[in-house]
Each structure stands twice: as structure tokens, then as C-alpha cells.
Amino acid sequence: MTTDPARPFGRVLTAMVTPFTEDGSLDLAGAQELAAHLVDRCAHDGLVIAGTTGEAPTLSDAEQRTLLEAVLDAVGDRATVVAGVGTNDTAHSIERARDAERVGVHGLLVVTPYYNKPPQAGLLRHFTAVADSTDLPVMLYDIPPRTVVPIEVETLVRAAEHPRIVAVKDAKGDLGAVAWTLARTDLAYYSGEDMLNLPLLAVGAVGVVSVVGHLVGPRLAELIASVEAGDLARAREVNRGLLPVYTGIFRTQGVILTKAALRELHLPAGPVRPPLVDATPEQVAQLRKDLVDGGISL
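An unreviewed UniProt entry lists the chain under the name 4-hydroxy-tetrahydrodipicolinate synthase, from Blastococcus jejuensis. Of the comments in the UniProt record for the chain, the one headed Function (unreviewed entry) reads "Catalyzes the condensation of (S)-aspartate-beta-semialdehyde [(S)-ASA] and pyruvate to 4-hydroxy-tetrahydrodipicolinate (HTPA)." Taken verbatim from the UniProt record of the chain, the Subunit (unreviewed entry) comment is "Homotetramer; dimer of dimers."

A. Structural context of the UniProt feature "site: Part of a proton relay during catalysis" (unreviewed entry) in the chain. Under the local residue numbering, the UniProt record ascribes the feature "site: Part of a proton relay during catalysis" (unreviewed entry) to Thr52 and Tyr115. Within the secondary structure layout, Thr52 lies in the loop between β2 (46–49) and α2 (61–75). For Thr52, a relative accessible area of 33% gives the class partly exposed. Residues in contact with Thr52, not counting those within four places in the same chain, are Tyr141 and Arg146. On the secondary structure map, Tyr115 appears in the loop between β4 (107–111) and α4 (120–132). Aside from chain neighbours lying at most four places away, what touches Tyr115 is Asn88 and Thr147.

B. Main features of the packing of aromatic side chains. Counted according to the given criterion, the structure contains 1 aromatic pair. The ring of Tyr141 carries Lys169 above its face, with NZ or CZ at 4.0 Å from the centroid.

C. Expanded view of unusual backbone geometry. Residue Pro275 is reached from Pro274 by a cis peptide bond, and omega for that bond is 15°. Examined against the element boundaries, Pro275 turns out to sit in the loop between α11 (254–264) and α12 (281–293). A positive phi is found at Tyr115, a non-glycine position, where the angle reads about 70°. Tyr115 sits in the exposed class, given a relative accessible area of 74%. Although it is not a glycine, Lys117 sits at a positive phi angle of roughly 55°. Given the relative accessible area of 54%, Lys117 is considered exposed.

Conventions and cut-offs
- One numbering rule holds for all chains: residues counted from 1, following each sequence as written.
- Owing to the predicted nature of the model, reporting of local features is limited to residues with pLDDT of at least 70; listing and counting of side-chain atom pairs is limited to 80 or more, with chain, interface and lining totals taken over all residues.
- Side-chain descriptors were evaluated using all non-hydrogen atoms of the structure, hydrogens and water having been removed beforehand.
- UniProt positions are given in the numbering used here, feature names are shortened, and annotations may be inferred rather than shown by experiment.
- Only DSSP runs of H or I reaching four residues or more are called helices, and only runs of E reaching two or more are called strands; each is numbered from the N terminus.
- In this scheme, a residue with accessible area under 20% of its type's maximum is buried, one over 50% is exposed, and one in between is partly exposed, where area comes from a 1.4 Å probe on protein chains only.
- We call two residues in contact when some of their heavy atoms are within 4.5 Å.
- Any pair of Phe, Tyr and Trp rings, taking the six-membered ring for Trp, is counted once the centres come within 6.5 Å. Such a pair is stacked with planes under 30 degrees apart, edge-to-face with planes over 60 apart, and tilted for the rest.
- Charge-over-ring placement is defined geometrically: NZ (Lys) or CZ (Arg) within 6 Å of the ring centre, and within 35 degrees of the ring normal.

Written as C-alpha cells, this is what we have:
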């Protein structure tokens, strides 16, 4: 687990899928097996559990609690376990944050409230209320393609005044806004959009919260190390090799094709829950080609 305040959650984290059995129930043994695989064999410093890729909107509060307990039991002594607790209801987000703290997680991921379209003042109130509710460090999740509302730079500057709001998972795609936020705050930035991992690291991100990390964790670690060493030529080379994987996993919803890829690799995954649908045979065939092009042996 990380002890570096500059990267409070580590360098390489993956937003882990939630394995289900064929009947759609939680596969807790599979979750433990996958978590251990990522941490022990794939260079992960941490895992985000019950985030978007973990199909959080389909998990009950009781399921989230049980899932967190299982993952913590499997890897909590050697990886940072971050719970995705954000919803579009501040009171419910606080309940989930307190529940996650009781279970023993190491940090919280709090997404911008979706659907409600709150103004910036509402975002700040929401984030600070959740941060006030526990003693855990908080990573904000800025992803306007899913939430509509971006977290503006001024709002991030204000949020950064809170002692427990320490990081941002960025999937906004606005490198200028990231640069300004980094110039005006001490927030640790994590790339939340795999195709932009390299440019975000070059601007000053300290790590990634990845989806393709399920498949290429050691290569992401090398990408980060190359940027930190100032070897941008090597970083570009690593990034070029990852492009087919980035593209392949995001031809449709990332969790759909990530679970398909994990099944191809005989790792725990299972089906997705409705309203998502599993990959078609045609999508799996294209995915296999993409992964092989990206250097993954199937």
C-alpha cells in the first residue's frame, strides 16, 4: 500500500469488474481471485471496487458491503482498496461512505452526481458533505460524458481546501483544465480515460484508474515509470503498443468487453447485469483481434 502523499492511492489502480455467476448473483470467490490476480501478478497498487466498471448502479448496498469485505479479505493487506460510493443523492452517498468506512476500505471514490445536473455550488456542497462524513481520503470522479456536468476548475480549487479531498479521477478530456487545477491545488490527478493516459501523465497526473489495467497492468506501470524518468520516447513507444487494447475495450461499454476479455483469459468475470448486455460473438471476434494486435496472448 502507498505511503507517498503525492500519490495517495498509488500509481496503477484498476476499476475492477464485479464478477457475477451465470444467474446474476455475486461471485465473491471470483472477486477475490480476480483481485489477487491483479495485485499479485499485474503490478496493481490498488483497486477501485463498486465503481462504474463494477456495475455499481446494479449493486444493492448490502451487495456492495459484502463485495468490499471479500476484496479486503483477499488483498487489503497489500493494496489500496477504494470504494465507489457516489450516487446522485447526497444522503445516500453519505450512507454508503460510512458503510464502506466501517468495512475497512482505505479510500472513497465520489462521482459527480448524475442526472440531477446540479450547479457548481451543489457539486461543492455534495463533495464536502461526503468528505465530512468519514475520516477517509476522497478521490473525486470528474466524468461529464456520464454525468453531463463537469467539475469546473474553480470548484476543484474550493474542494481542494477540504483536508480529505486529495485526488481526482479525470475523464473530462480537458487537458487545459487539468493543467490549471494542478497549478492551483495539491490535488493528485489520476487518468480515468485510458486513451488519454499518456497526455494526462505528461501534464502531471501521478497514476491511472484504468479499465484496461485488467489486462495490461505491468505495461501501465512501465508507462508511468517512463514518464516519471523523463523518457518520453519510451513512454510513447509503450503507449503506441497499448492503442489496440484501448480501442478494443472501448468499442462499446468498457465493462462489457472487459468481461468478455477476462472470459477469454479464463479469469473470473461472468455476465453483465441488465440493462447492459453481454458481448455478441461478432464483438468477441473483433475484441480477440484487437487484443492480439495489442500484444496480449489468448
